[in-house]
Amino acid sequence: MKRIISFLIILSAWVTARSATDSISPRNTFGDWAVEAGVAGSRILPTNNLLKTVDGNEAMIAPDIRAGFSFSRHSRYGRLYPGVRQGIGLTLFNIVPHSSLGRPVGLYLFQTVRIAGNNRLALEGEWNFGVSAGWSKYDPDAPIVNNAIGSKVNAMLGVGLSGVWRISSHWGLKATVNAMHFSNGNTHLPNAGVNTAGLMLGARYYISPVEDVTRLPAVKDTFRRGFSYDVTAYGAWRCRVVGDGMGGNVIAPGSFAVAGVNFAAMYDLNRYFRGGLSLDMQYDESANLDRHHADGSYGDHVKFYRQPFADCFAAGLSLRAELTLPIFSINVGLGRNIIANGPDTRIFYQTLALKAHVWRNAFIQVGYQLSEFHLPNNLMFGLGYTFGRLK
């Protein structure tokens, strides 16, 4: 998770520098700078045994502050993507009245998109991605065993739908219905995760208010529909629960490498949406370990023989859909492995990935793979390139 923190710091600095290269007038790239402050009230959803029995009735009160900008009306992004805002935020999660989960603090990137309305009254959609630190780490000897979160630092993913009322040139009010997910992508165990749903109320202060770009003549759009092709290589590490040789389960010692390659043929429908089919290949060093149990080893000292390559490798096909925005894209996939040699790889899988377009058609990816919509598999830290897309 420390790698994710470094990624966020570097990426937030790069966003500021990168966006200045895509403008008609570099001095006026940034438009409507704004800061926001609010308080969210959320309910922790009872999605695992700990949350059903101990922490399931608890609430989360979270003061939040963030800063972001929209692109200037003089910039290409500002004309092609009016009403899009991006930035960085900080949240303090206070779980009341008391929780075995800890008191986490979240640092995140966010992006909002105007779905309907204008500069005065608007409906906005939002995503955010970041890290949260300060969780109570799993301790089997604690009075209340936290089997929901296995590490002090975890990823946080969120989505929201907001109503924004701009009451003056500098001030606006905002109400957001949101949902969040916290987990570590199986880099530590246990990793049942924490999910919340709630409402945030806040205010937005526009530091440098500008004219609504939706009222200005649109810049010439050179986009054309057609196919483009993404090639992505990624890697990660994960932990695994295995059989203990006595009918129970135990966390396997150490961590295991994961590596994969995706080749996606995508049809670019418009500037905001792409869809297509992806060939996904992955090698998981921990897959199907239970099939290679070493005789005579049991319990916490259980051992396994190294699996053959076929037990660790899987290849599948997935349907992909991608929301494309300035700087960032969000890609989701639903797939099934068609080449697999065991129960750990013979799965129906889902992927969620955030792409940061760092240079021309090259991008950095941070992704997450699930199976059966609720079982975490692994993270996906990758690099990719898009061939054939006409900007």
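Here the structure is a predicted model, which means the values were calculated and not measured.

*Asks:* Hey, could you go over the side chain of Gln-282 for me, with residue numbers and the actual values?
*Replies:* Assignment of secondary structure puts Gln-282 in strand S14 (residues 273-284). When its relative accessible area of 13% is taken as the criterion, Gln-282 is described as buried. Engagement of the side chain of Gln-282 in a polar contact is seen with the side chain of Asn-378, the distance being 3.2 Å. Apart from the residues lying within four places of it in its own chain, the contact partners of Gln-282 are Tyr-234, Val-258, Ala-259, Gly-260, Cys-312, Phe-313, Ala-314, Gln-369 and Asn-378.

*Asks:* I'd like a rundown of the nonpolar core, residues and numbers included.
*Replies:* Residues Ile-44, Phe-93, Leu-101, Trp-135, Met-156, Phe-182 and Val-194 are the most contacted members of the largest nonpolar core, which totals 18 residues. Listing elements by their share of this core, those giving two or more residues are strand S1 (30-44), strand S2 (59-71), strand S5 (102-117), strand S8 (171-183) and strand S9 (194-206). Counting 17 residues, the second-largest nonpolar core is a separate cluster that includes Leu-80, Tyr-81, Ile-327 and Ile-330.

*Asks:* Mind laying out the pattern of salt bridges, listing which residues take part and the relevant values?
*Replies:* Per the stated rule, a full pass over the model turns up 16 salt bridges. For Lys-355, the salt bridge goes to Glu-322, with nearest N and O atoms at 2.8 Å. Of this pair, Lys-355 sits in strand S17 (residues 348-359) while Glu-322 sits in strand S15 (residues 313-324); the two residues are 33 residues apart in sequence, bridging distant segments of the chain. Among the ionic contacts, a cluster of salt bridges with common partners joins Glu-36, Asp-64, Arg-66, Glu-124, Glu-126, Lys-174 and Arg-204.

*Asks:* Can you explain the sheet that holds strand S19 (residues 375-387)? Please cite residues and give values.
*Replies:* Spatially, S10-S13-S14-S15-S16-S17-S18-S19 is the arrangement adopted by the 8 strands of the closed barrel, whose pairing is antiparallel. Each strand axis lies, on average, 25° off the axis of its neighbour in the sheet, ignoring direction.

*Asks:* Could you give an account of the packing of aromatic side chains, naming the residues involved and the relevant values?
*Replies:* Applying the stated criterion across every chain yields a total of 17 aromatic pairs. Consider the rings of Trp-237 and Phe-381, whose centres lie 6.0 Å apart with planes at 20°: the pair is stacked. Here Phe-381 lies in strand S19 and Trp-237 lies in strand S10 (residues 226-238), a separation of 144 residues in the sequence. Ring centres of Phe-309 and Phe-313 lie 5.4 Å apart, and the angle between their planes is 20°; on these two criteria the pair is classed as stacked. Take Phe-313: its relative accessible area is 21%, and that puts it in the partly exposed class. Joined through ring pairs, the aromatic side chains of Trp-33, Phe-69, Phe-71, Tyr-77, Tyr-81 and Tyr-272 make up one cluster. A cation over an aromatic ring shows up here: Arg-66 above the ring of Phe-110, its NZ or CZ 4.3 Å from the ring centre. When the ring centre of Tyr-206 is taken as origin, the NZ or CZ atom of Arg-166, which lies over that ring, is 3.5 Å away.

What counts and what doesn't
Residues numbered from 1 in each chain as written. Predicted model: local features only at pLDDT ≥ 70, side-chain atom pairs only at ≥ 80, totals over all residues. Heavy atoms only, no water. Helix = DSSP H or I, 4+ residues; strand = E, 2+ residues; numbered from the N terminus. Buried < 20%, exposed > 50% of the residue type's maximum accessible area, 1.4 Å probe, protein only. Polar contact = N/O pair within 3.5 Å; in protein donor to acceptor, adjacent residues only side chain to side chain. Contact = heavy atoms within 4.5 Å. Core = buried A, V, L, I, M, F, W, Y, C linked by side-chain atoms within 4.5 Å. Salt bridge = Lys/Arg side-chain N within 4 Å of Asp/Glu carboxyl O. Pairing = 2+ DSSP bridges. Axes fitted to C-alpha atoms, helices over the stretch in contact; angles between N-to-C directions. Phe/Tyr/Trp six-rings, centres within 6.5 Å; stacked < 30°, edge-to-face > 60°. Lys NZ or Arg CZ within 6 Å of the ring centre and 35° of its normal.

Functional significance is not addressed by these values, which are geometric in nature.
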